Amino acid sequence: MIFSEKMMQLLGMGIVESLYMTLVSAAVAYILGLPLGLILVATDKDGIKPMPRFNSILGIMVNILRSIPFLILAIFISPLTKAIAGKSYGSTAMIVPLVVSAFPYIARLVESSIKEVDRGVIEAAQSMGASTKQIIMKVLLPEAVPSLLVGATIATTTILGYSAMAGFIGGGGLGAICINYGYSRYEDDVMTVTVILLVIVMQLLQEIGMRIANKSNKR
Amino acid sequence: MKQQTAQKPIIQIKGLHKNYRLKDKEAIALENINLDIYSGEIFGIIGMSGAGKSTLVRCINFLEKPTAGTVIFDDRDLSTLSEKELCSARQSMGMIFQQFNLLMQRNALKNICFPMEIAGVPKADAQKRAKELLALVGLSDKATAYPAQLSGGQKQRIAIARALATNPKVLLCDEATSALDPTTTRSILSLLKDINQRLGITIIIITHEMSVIEEICQRVAIIADHEIAEVGKVEDIFTKPQAAATKKLVYPESKKTQSFERGQYLRIVFDGSTSFEPIIANMIIDLKESVNIIFADTKNIDGRAFGQTVIQMPDDKRAVARIVAYLRNKNLTVEEVCGNDIQ
C-alpha cells in the first residue's frame, strides 16, 4: 500500500480539517450549551431559582432539537448554514449544523454534571448569604469541573463522529476523504487508512480529555 | 449566664409554624415554636429524628421560610427583609453541618476564604484571616490539603473555621458531631466550647444525642412531635425531666434493659457534685440491702462522677426508704421511676 505524496498531503489536511471542525464546533456549542445547561439546573423545581413551567418548556425544546438525527438536521437547516457561513459546503460551513446539533446535547451533559454537585454544599453557600449568581459561579461550576470535563470529552468525540458524517453533505476532513475516495471510488486502501486515522484521533481526544478531567479532580 | 434575664435575646423565635406542601396534603414540620436564645450562651435543641429540629435550625437563618411566625435576629425581623438584606444577615450567622459540606475542589485555606469572597472581603485580608482561623482550629499545617485528604474531625474543624470567617454572632450546628466517632466528637465539642468562651459567640446545637447536650450546653429545648416539649437549664432537665419526650431522651434506652417491666426502680443522677467512688457498692455494704443494677452510664471527669445509674429496688418499702435516704445523703439526685416511664 503505497500512497502518493499528494494522498499523504490530503490525509494530513483531512486530520487538520477534522480537528478544526470538531474543536471549533465544540467550543461554540459550549458557549450556547453551558449556559443552557445551567439554566436547566437552576430553574428545576428543586433548583436554586425554581421556575418549573419555564423549565419544562425549555426541556421540551432541547429534546426536540436532540431528537433530529445529525444528517437530517444538517440538510434541514442548510439555508441557515448558508446565511451564516455564506455557503453550505466545506469545513467552516459544517460548523453551523455541528453546533446546532451538539449544543442541546451539551446542555444535557452540563445539566447532569451540575446536578451531581452535593446539595449540602449549595445549602452551605446559601447559609453564608451567597446570591444565585455567586452559587453558580463559585459553587456549581467549580465543583462540577471534573465531571464537566468528562462531559466535554464525550461531547468532543461525538462531534468528531458527526463531522465525519458531514462528509456526505459536502463537509471536509477525514470523513469527506472516506466518502469521496473510499465510498465513491472504491479505493479501499484509502478507506482503511482514513478509518484508522479517525480511530487514532478519537482515541487521542478521549485520552487527553480524560487525563485533564482526572487531574482536575480533587476528590 | 448570670445576667441572662437582664439581657436581650439575640434570637427570638416567635409563634413559628412550618408546613410542607406534599402532593395532596399539608405536612406539619413545626408548630408554634417560641424560643429566646441569649447572647453568649450555648443552647441545645434535642429531639428524635423527624421531630423537626433540622427544619427549625433552617428557619433560624431563613434557609426555610416559616409558614407563619417569625425570627428576630439581632433586633431585625427576618421575615421583613428583602432577599439581599437576608443574604447579609446570614453572614452574621455561621452554620456547620453533619456532612461538613466543604467545597471538594478547594483546599482548606480556600474553603475558609469562601464566605469572605461572598461577603466581598479583599483577597489579601481574607487569606490573612483564613490563616488565623486555621491556627484557631489547630490545622495550620493543612492549609493546602483538599477535603478528600482530611479526616472527618479535620473536615469539621475546617467547616468551623469557615463558619467563623465572617465574624458571625451566632453559630448554628446541625448535627455537627453525628458523623464523628466519640473521641472526635468530644474534641469538636471542646473546640466549640473554647470558641464560645474566647469569642463570645452564641452557639445553637441541634442534636439527637443527650450526651452532646450534657457536655457543652447551658440550656436546652426538647422538641418532640413538631413542638417544643420543654425548655430549661440542662442540669434541671437532666435531673428532673417533666415532659414524656424529655424522659424518653434522658432515661436510658429501654432496649438495653429487657427486664424493665414491673417493680420499683430508682434513677440516680451523678451531676458532678460527687466524687467518683463506688457509691452503690458502698451502699450495699452499709445497708446490707441488695439491689439490681439495671443500667449504668457514668464517667469520671476530673475525679467527679457524671452520668446516671438505674437500680431495681427490693420489694420492702422500708428498705426503699433507707436506700433513698442514703443516696440523698450523698448529695445525689434520685428519682423513683416505674418501668413504664423508662419504656
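How each quantity is defined
Every chain is numbered independently, its residues counted from 1 as its sequence is written. Labels follow written order: the first chain is A, the first ligand is 1, and so on. The model is predicted, so local features are restricted to residues of pLDDT at least 70 and side-chain atom pairs to those at 80 or more, both for listing and for counting; the totals for chains, interfaces and linings are taken over all residues. Heavy atoms from the whole structure form the basis of all side-chain values; hydrogens and water molecules are not counted. Secondary structure counts use DSSP, requiring at least four H or I residues in a row for a helix and at least two E residues in a row for a strand, with both numbered from the N terminus. Accessibility here uses a 1.4 Å probe with only protein chains present; expressed as a share of the type maximum, an area under 20% marks a residue as buried, one over 50% as exposed, and anything in between as partly exposed. To measure how exposed things are, a 1.4 Å probe is used in the Shrake-Rupley method; for residues, cover is taken only from the protein chains shown. Under the counting rule used here, the positive set is Lys and Arg, the negative set is Asp and Glu, and His together with the chain ends is not counted. Note on charges: their place is set at NZ of Lys, CZ of Arg, CG of Asp or CD of Glu. Whether two strands pair comes down to DSSP finding at least two bridges between them. In this description, contact between two residues means that some pair of their heavy atoms is separated by no more than 4.5 Å. Domain start and stop points were drawn from an automatic or database domain assignment. A quick way to say it: buried area is the sum, across both parts, of accessible area lost when two parts are put together, with a 1.4 Å probe. Only Asp, Glu, Lys and Arg are considered charged, only Ala, Val, Leu, Ile, Met, Phe, Trp, Tyr, Cys and Pro nonpolar, and every remaining residue, Gly among them, polar. A 3.5 Å cut-off defines polar contacts: any pair of N or O atoms within that distance qualifies, except that in protein one atom must be a possible hydrogen donor and the other a possible acceptor, and neighbouring residues in sequence count only when both atoms are side-chain atoms. Stacked, tilted and edge-to-face are the three classes assigned to paired rings of Phe, Tyr and Trp, where Trp is represented by its six-membered ring and a pair needs centres within 6.5 Å; plane angles under 30 degrees give stacked, over 60 edge-to-face, the rest tilted. Patch definition: residues with relative accessible area over 30% and no salt bridge; like charges joined within 9 Å; nonpolar side chains (Val, Leu, Ile, Met, Phe, Trp, Tyr) joined within 5 Å. Salt bridges are defined as contacts in which a side-chain nitrogen from Lys or Arg sits within 4 Å of a carboxyl oxygen from Asp or Glu. Axis lines are fitted through C-alpha atoms, for helices just across the contact stretch, and the angle between N-to-C directions can take any value from 0 to 180 degrees.

## As for the overall build of chain B
Item 1. Looking only at helices and strands, chain B features twelve helices and 14 strands.
Item 2. With respect to the principal axes defined by its C-alpha atoms, chain B has extents near 75 × 50 × 40 Å.
Item 3. The 343 residues of chain B split such that 51% are buried.
Item 4. Total accessible area on chain B stands at roughly 16,100 Å², and carbon and sulfur atoms take up 46% of it.
Item 5. Computing the positive centroid from 44 side-chain charges and the negative centroid from 40, chain B places the two 5 Å apart.

## A few points about the pairing of strand 6 (residues 93-97) of chain B
Residue and element names in this part refer to chain B.
Item 1. When you tally the buried positions in strand 6, you get five out of five residues, the bulk of the element.
Item 2. Residues Met 93, Met 95 and Phe 97 line one face of strand 6 and the alternating positions Gly 94 and Ile 96 line the opposite face, and both faces are buried.
Item 3. As judged from the five bridges shared by strand 6 and strand 7 (residues 170-174), these two strands associate in the parallel manner. Residue pairing for strand 7: Met 95 is matched across the bridge by Leu 172.

## Observations regarding the side chain of B:Lys53
Residues and elements named next belong to chain B.
Item 1. The topology assignment puts Lys 53 in helix 1 (residues 53-60).
Item 2. Lys 53 gets classed as buried once you look at its relative accessible area, which sits at 5%.
Item 3. Once you skip the residues sitting within four places of it in the chain, Lys 53 turns out to touch Ile 45, Ile 46, Gly 47, Met 48, Glu 175, Ile 206, Thr 207, His 208 and Ile 223.

## Focus: the domain arrangement of chain B
All names here are of chain B.
Item 1. According to the domain assignment, chain B consists of domain 1 (2-248) and domain 2 (259-342).
Item 2. Relative to domain 2, the C-alpha centre of domain 1 lies at a distance of 36 Å.
Item 3. Taken together, the contact pairs five residues of domain 1 with eight residues of domain 2.
Item 4. A combined buried area of about 630 Å² lies between domain 1 and domain 2, and 52% of that area is made up of carbon and sulfur atoms.
Item 5. Here the residues of the side of domain 1 that touches domain 2 sort into two nonpolar, one polar and two charged.

## Structural notes on the side chain of B:Asp174
Item 1. Locating B:Asp174 in the fold gives a position in strand 7.
Item 2. In this structure B:Asp174 touches B:Ser54, B:Val57, B:Arg58, B:Met95, B:Ile96, B:Phe97, B:Gln98 and B:Ile206, once residues within four positions along its chain are discounted.

## Comments concerning the pairing of strand 1 (residues 9-21) of chain B
Residues and elements named next belong to chain B.
Item 1. Two elements, strand 1 and strand 2 (residues 26-38), share nine bridges in a ladder whose sense is antiparallel. Across the sheet, the residue bridging to Ile 13 is Leu 35, located in strand 2.
Item 2. Linking strand 1 back to strand 2 in an antiparallel pair, the connection comprises four residues.
Item 3. Examined bridge by bridge, strand 1 and strand 4 (residues 68-73) share five bridges and lie antiparallel to one another.

## Examining helix 6 (residues 119-127) of chain A
Two residues of an α-helix separated by three or four positions point the same way, owing to the 3.6 residues in each turn.
Item 1. For helix 6 of chain A, the buried fraction is high: seven of the nine residues fall into the buried class.
Item 2. Within the span of helix 6 of chain A, buried status applies to A:Gly120, A:Val121, A:Ile122, A:Glu123, A:Ala124, A:Ala125 and A:Ser127.
Item 3. Those residues of helix 6 of chain A that are buried are in contact with helix 7 (132-165) of chain A together with helix 1, helix 2 (83-90), strand 6, helix 3 (108-119) and helix 5 (152-164) of chain B.
Item 4. Capping the start of helix 6 of chain A, A:Asp118 holds a side-chain oxygen 3.1 Å from the backbone nitrogen of A:Gly120, two or three residues further along.
Item 5. Within two residues after helix 6 of chain A, A:Gly129 carries a phi angle of roughly 85°, on the positive side.

## Side note on the packing of aromatic side chains
Residue and element names in this part refer to chain A.
Item 1. Using the criterion set out here, one finds two aromatic pairs over all chains in the structure.
Item 2. Taken together, a centroid distance of 5.1 Å and an interplanar angle of 5° make the contact between Phe 70 and Tyr 162 stacked. Pair noted here: Phe 70 is in helix 3 (residues 70-76) and Tyr 162 is in helix 7, with a separation of 92 residues, a long-range link.
Item 3. Their ring planes at 75° and their centres at 5.8 Å tell us that Phe 168 and Tyr 183 sit as a pair that is edge-to-face. Here Phe 168, found in the loop between helix 7 and helix 8 (173-183), pairs with Tyr 183, found in helix 8; they are 15 residues apart in sequence, far enough to count as distant.
Item 4. Residue classification places Phe 168 among the partly exposed positions, given a relative accessible area of 49%.

## Considerations on a nonpolar patch on the surface
Item 1. Among the surface-exposed residues, A:Ile196, A:Ile200, A:Leu204, A:Ile208 and A:Ile212 lie close enough to one another that they form a single nonpolar patch of about 460 Å² accessible area.
Item 2. Within the secondary structure, A:Ile212 sits in helix 9 (residues 188-216).

## A look at the sheet that holds strand 4 of chain B
The pairing of strands in a sheet comes from backbone hydrogen bonds and takes either a parallel or an antiparallel form.
Residues and elements named next belong to chain B.
Item 1. One open sheet accounts for four strands, arranged 2-1-4-5; its pairing is antiparallel. Among the strands making up the open sheet, the edge pair consists of strand 2 and strand 5 (76-77).
Item 2. The strands touched by helix 1 are strand 1, strand 2 and strand 4; relative to strand 1, the strand with the most contacts, the crossing angle is about 120°.

## Concerning the interface of chain A and chain B
Item 1. With 21 residues of chain A in contact, the opposing surface of chain B contributes 22 residues.
Item 2. Taking both partners together, chain A and chain B bury about 1,900 Å²; carbon and sulfur atoms supply 60% of that area.
Item 3. Summed over the three residues of chain A that lose the most area to chain B, namely A:Ser127, A:Met128 and A:Lys218, the buried surface amounts to 33% of that side.
Item 4. Linking B:Glu117 and A:Lys138 is a salt bridge whose minimum nitrogen-to-oxygen distance equals 2.8 Å.
Item 5. Where chain A touches chain B, the interface holds eight residue pairs in polar contact (both at pLDDT 80 or more).
Item 6. Those elements that place two or more of their residues in the side of chain A that touches chain B are helix 6 and helix 7 of chain A.

## Focus on the sheet that holds strand 6 of chain B
Residue and element names in this part refer to chain B.
Item 1. What the six strands build is an open sheet, ordered 6-7-8-3-9-10; its pairing is mixed. The open sheet terminates on both sides in strands that have one partner only, identified here as strand 6 and strand 10 (227-233). Neighbour to neighbour, the strand axes of the sheet diverge by 15° on average, direction disregarded.
Item 2. As paired elements, strand 7 and strand 8 (residues 202-207) share five bridges and run parallel to each other. From the neighbouring strand, Val 170 faces strand 8, where its bridge partner is Thr 202.
Item 3. Strands strand 6 and strand 7 of the sheet are contacted by helix 5, whose axis makes an angle of about 165° with strand 6.

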